[in-house]
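Listed here are the chains, written in short residue letters.
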Amino acid sequence: WRKPEILDEVKKVFRAQRVVRDFFAWSSFEDAEGKVVRNDSALAIRTKMMIELDQWHDRSAFNPKENDTIRILHISDTQFGDPATTESSYQVERVIADRLLNDSKIPDILVVSGDITYSGRPDEYREALKWFKRLVSAIWGDKPEDVRDRILLVPGNHDVNLRISAADLVDFDFNKQSNNIPFKETNTVRSDHVVLGLEPFRHFSQELTGDRFWRDSSTLSRVSNRFLHLGIQVLLLNSASLIDAKNPKRAGTSKEELDYITEMLHKIEYVDKPFRMLISHHGP
């Protein structure tokens, strides 16, 4: 793309197909010697392009130096909404942040390995969202959106809203409508409402991380390559996908999710043997 003749040919192809009107090449931001043009507008556009490309390719902007230590803060089982929560846990996120800052051990990556809420209720997730945003701001500064790509999450069994999945156990009879809304037991176990049991978790994860995966993906397991430029590949395993109202303690991962992970493991572009890290609420 740095060669003018190749760039001209690429432009002809794109314009002939009427895909785009025009586009930038990296050379658009460089002088004759290949150095980046020191112009505020050019640098702003280049930075914006890099951010968009990083997000599109699920790559984190986190890029430490060669010999820097990478610290991971691991949090699990916060279980917001648990009636047994004591008043002594008030502002514990501030205590965690202060301790890390005082010890000069600011984490680079935040791992949240499930059981964020007590029963998967939307109000519990709203409290959890406020708590985690305060924690992220206290650790990394006043702009949590700049570091959202460093947050990795998986659901736990308590994150499933069993009230929603229980909808598959009853059947509304439209032919017998009355003020008492008749329902009847059905034998249905696995259906759409079981999947929707983790919908509040999906919404929470999207709000906290800004990651389009939580909105678009059909599964909640994934292979994250956002740190692949550091030689690190992360496997996020949803071990709550088999849980429903009849089986509230059945930990495990569906065949669909395992097939998806297996397929994605083979799609590594430029790292032969990455260091792999598996994150799961339950033991695999």
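Please read all numbers here as calculations on a predicted model, not as lab measurements.

Thresholds, definitions, all that
Residues numbered from 1 in each chain as written. Predicted model: local features only at pLDDT ≥ 70, side-chain atom pairs only at ≥ 80, totals over all residues. Heavy atoms only, no water. Phe/Tyr/Trp six-rings, centres within 6.5 Å; stacked < 30°, edge-to-face > 60°. Helix = DSSP H or I, 4+ residues; strand = E, 2+ residues; numbered from the N terminus. Buried < 20%, exposed > 50% of the residue type's maximum accessible area, 1.4 Å probe, protein only. Lys NZ or Arg CZ within 6 Å of the ring centre and 35° of its normal. Pairing = 2+ DSSP bridges. Axes fitted to C-alpha atoms, helices over the stretch in contact; angles between N-to-C directions. Contact = heavy atoms within 4.5 Å.

> A description of the packing of aromatic side chains should follow, citing residues and the corresponding values.
Two aromatic rings are characterised by how far apart their centres lie and by the angle between their planes. Here the structure, examined in full by the defined rule, presents six aromatic pairs. When the ring of Y125 is compared with that of F204, the centres are 5.5 Å apart and the planes differ by 40°; the resulting orientation is tilted. Within this pair, whereas Y125 is found in helix α4 (residues 122–140), its partner F204 is found in helix α7 (residues 199–209), the two being separated by 79 residues in sequence. Across the pair, F204 and Y125 agree in class, each one buried. Here the aromatic rings of F132 and F204 are separated by 6.2 Å at their centres, their planes lie at 65°, and the arrangement is edge-to-face. Of this pair, F132 sits in helix α4 while F204 sits in helix α7, and the two are 72 residues apart along the sequence. Both residues of the pair, F132 and F204, belong to the buried class. Among the aromatic residues, ring-to-ring pairing joins F80, Y125, W131, F132 and F204 into one connected group. Lying over the aromatic face of W140, R150 brings its terminal NZ or CZ to 5.7 Å of the ring centre.

> Break down unusual backbone geometry for me, with residues and values.
Across the chain, the bulk of peptide bonds are trans and the bulk of non-glycine residues have phi less than zero. Backbone geometry places D77, a non-glycine residue, at a positive phi of 60°. Position of D77 among the secondary structure elements: in the loop between β1 (72–75) and α3 (92–102). The partly exposed category is assigned to D77, whose relative accessible area is 38%. Of note in the backbone geometry, Q79 takes a positive phi value of approximately 45° without being a glycine. Within the fold, Q79 resides in the loop between β1 and α3. Here Q79 falls in the buried class, since its relative accessible area comes to 14%.

> Can you lay out the sheet that holds β1 for me, pointing to particular residues and giving the numbers?
If you trace the three strands from one edge of the open sheet to the other, you get β1-β2-β3, paired in parallel fashion. Both edges of this open sheet fall to β1 and β3 (151–154), since each of them pairs with a single strand only. Shown here is a sheet whose adjacent strand axes are inclined to one another by a mean of 15°, direction ignored. Each of β1, β2 (109–113) and β3 touches α4; the most contacted strand, β2, lies at about 155° to it.

Purely spatial values, then, with no claim about function.
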